[in-house]
Amino acid sequence: MREFKDRTAVITGAASGIGLALAQRAAREGMRLVLADIDEAKLAEAAKALPVAADALCTRRVDVSREEDIAALADEAFGRFGGVHLLCNNAGVGLTRLAWELTTADWEWILGVNLWSVVHAIRHFVPRMLAQEGESHIVNTASVAGLLSTPAMAAYNVSKHGVVTLSETLYTELRAQQAKIGVSVLCPAWVPTAIHTSERNRPQRFGEAAPPSAASAAYQERMGQAVKSGRLTADDMANAVFDAVAADRFYVIPHGRIKQAVRLRMEDILEERNPTPL
Ligand SMILES: NC(=O)c1ccc[n+]([C@@H]2O[C@H](COP(=O)([O-])OP(=O)(O)OC[C@H]3O[C@@H](n4cnc5c(N)ncnc54)[C@H](O)[C@@H]3O)[C@@H](O)[C@H]2O)c1
């Protein structure tokens, strides 16, 4: 999809980080915006600063892990603007714990926000996008954690591997139908955002995470440092996404050097070697 002006973008997790950068870029492209986030106050504040006319913008509190919230988001976007041309399933959360320390509630929270959100969005947006005129594009934010198995991030890794394979499947199905819907999957490495403080937005129904063991805390500290020192910014991610959408490119892996680790992992699999530690 090359034309963005006067088309409609729906972006989840738009109050912060990569989602906010996507919203800013979409606004600069002259798109109409439907922005969703669980943090209503932060979303409202972020939306105020966007260069977009009031009648071309709507914001909505959404918990993407809840199907009814995604259904209502789709109803609002199609109802308000008559179509959706760019759908960015971007909201995501992480929790750094050794696999055996993650509780069932931790798994449900992370899989709910990172993976079920995309499942819900495909069900509630794609049929209506198929029925509309013209081109559209879906961008799912996964992670290099969808291509690698970083320690102390089991639930996050599983959720992001799920998003990658779901996106690949969706892509091949839409191609087979000759649909005018492109698909891309964004797989960043470390980007300085608020992702390492995801628990700030953990819905009450999942309870609070248990305190980490010393081993998990050490991984958590390392993860926080890696996020903060990420050399590519959220704006770099948004620019990479818009380039990929314009070029109809599926894989978006802006941190080029991480591909060495992905290649090694793929070779381990093909050679049936034991996993090389990351
Ligand atoms: N920052 C990184 O290093 C990095 C790397 C790879 C992938 N990602 C992915 O990028 C995406 C965006 O994360 P970010 O780095 O911008 O982090 P962020 O914490 O800055 O932004 C995430 C946004 O999602 C929102 N959110 C959280 N739970 C939600 C829910 N249940 N419903 C709706 N919104 C919810 C938050 O309020 C926040 O505004 C995520 O999918 C994340 O997994 C981030």
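A few points on the structure. (Residues numbered from 1 in each chain as written. Predicted model: local features only at pLDDT ≥ 70, side-chain atom pairs only at ≥ 80, totals over all residues. Heavy atoms only, no water.)

### Here's the deal with the nonpolar core
Nonpolar side chains tend to gather and get buried jointly when the protein is soluble and globular.
Item 1. Of all hydrophobic cores here, the largest spans 46 residues; its most connected members are V10, L87 and F125.
Item 2. Breaking this core down by element, the ones donating at least two residues are β2 (32-37), α3 (67-81), α4 (104-131), α5 (154-176) and β6 (181-186).
Item 3. At 10 residues, α4 tops the list of elements feeding residues into this core.
Item 4. With residues up to four places along the chain from it excluded, the contact list for V10 reads V34, L73, A77, V84, L86, L87, C88 and F125.
Item 5. In this structure, M1, A15, L86 and V241 belong to the second largest nonpolar core, which totals 35 residues. (Core = buried A, V, L, I, M, F, W, Y, C linked by side-chain atoms within 4.5 Å. Buried < 20%, exposed > 50% of the residue type's maximum accessible area, 1.4 Å probe, protein only. Helix = DSSP H or I, 4+ residues; strand = E, 2+ residues; numbered from the N terminus. Contact = heavy atoms within 4.5 Å.)

### Some remarks on the sheet that holds strand β5 (residues 136-141)
Item 1. One open sheet holds the 7 strands; their spatial order is β3-β2-β1-β4-β5-β6-β7, and the pairing between them is parallel. The open sheet has two edge strands, β3 (57-61) and β7 (251-252), and neither has a second partner.
Item 2. Taken together, the 4 bridges between strand β4 (residues 86-89) and β5 define a ladder with parallel strand orientation. Its bridge partner lying in β5, L86 is registered against H137.
Item 3. Where α3 meets the sheet, it contacts β1 (8-12), β2 and β3, and its direction lies at approximately 165 degrees from that of β3.
Item 4. Packed on one face of the sheet, α5 meets β5, β6 and β7 and runs near 160 degrees to β6. (Pairing = 2+ DSSP bridges. Axes fitted to C-alpha atoms, helices over the stretch in contact; angles between N-to-C directions.)

### Description of the site of the ligand
Item 1. Neighbouring residues of the ligand: 30 residues in total, closest S16, D37, N90, Y156 and T193.
Item 2. Residue I195 places a main-chain N or O atom 3.4 Å away from an oxygen atom belonging to the ligand.
Item 3. Surface burial for the ligand is 98%, taken as the share of its 830 Å² of free accessible area covered by protein chains.
Item 4. Sorting the residues of the shell around the ligand by element identifies α1 (17-28) and α5 as the ones contributing at least two each.
Item 5. Residue composition of the shell around the ligand, grouped by class: 16 nonpolar, 9 polar and 5 charged. (Near = heavy atom within 4 Å. Polar contact = N/O pair within 3.5 Å; in protein donor to acceptor, adjacent residues only side chain to side chain. Areas by Shrake-Rupley, 256 points an atom, 1.4 Å probe, with all protein chains shown as cover. Nonpolar A, V, L, I, M, F, W, Y, C, P; charged D, E, K, R; others polar.)

### Quick look at the pairing of β4
Item 1. Going residue by residue along β4, you find L86 and C88 tucked away on one face and L87 and N89 tucked away on the opposite face as well.
Item 2. In this structure, β1 lies alongside β4, joined through 3 bridges in parallel fashion. Across the sheet, residue V10 finds its bridge partner in β4, namely L87.
Item 3. Taken together, β4, α4 and β5 form a β-α-β motif whose crossover is right-handed. (Right-handed = clockwise from strand over helix to strand, strands pointing away.)

### Structural notes on α5
The periodicity of an α-helix, 3.6 residues per turn, causes residues three or four positions apart to be oriented the same way.
Item 1. A rise of 1.5 Å per residue sets the reference length of α5, with its 23 residues, at 33 Å; its end C-alpha atoms lie 33 Å apart and thus fit the reference within 8%.
Item 2. Taken as a whole, α5 has its buried residues at A155, Y156, N157, S159, K160, G162, V163, V164, S167, L170 and L174.
Item 3. Elements that come into contact with the buried residues of α5 comprise α4, β5 and β6.
Item 4. Directly beyond the C-terminal end of α5, a positive phi value near 50 degrees is found at Q178. (Expected span 1.5 Å × (residues − 1).)

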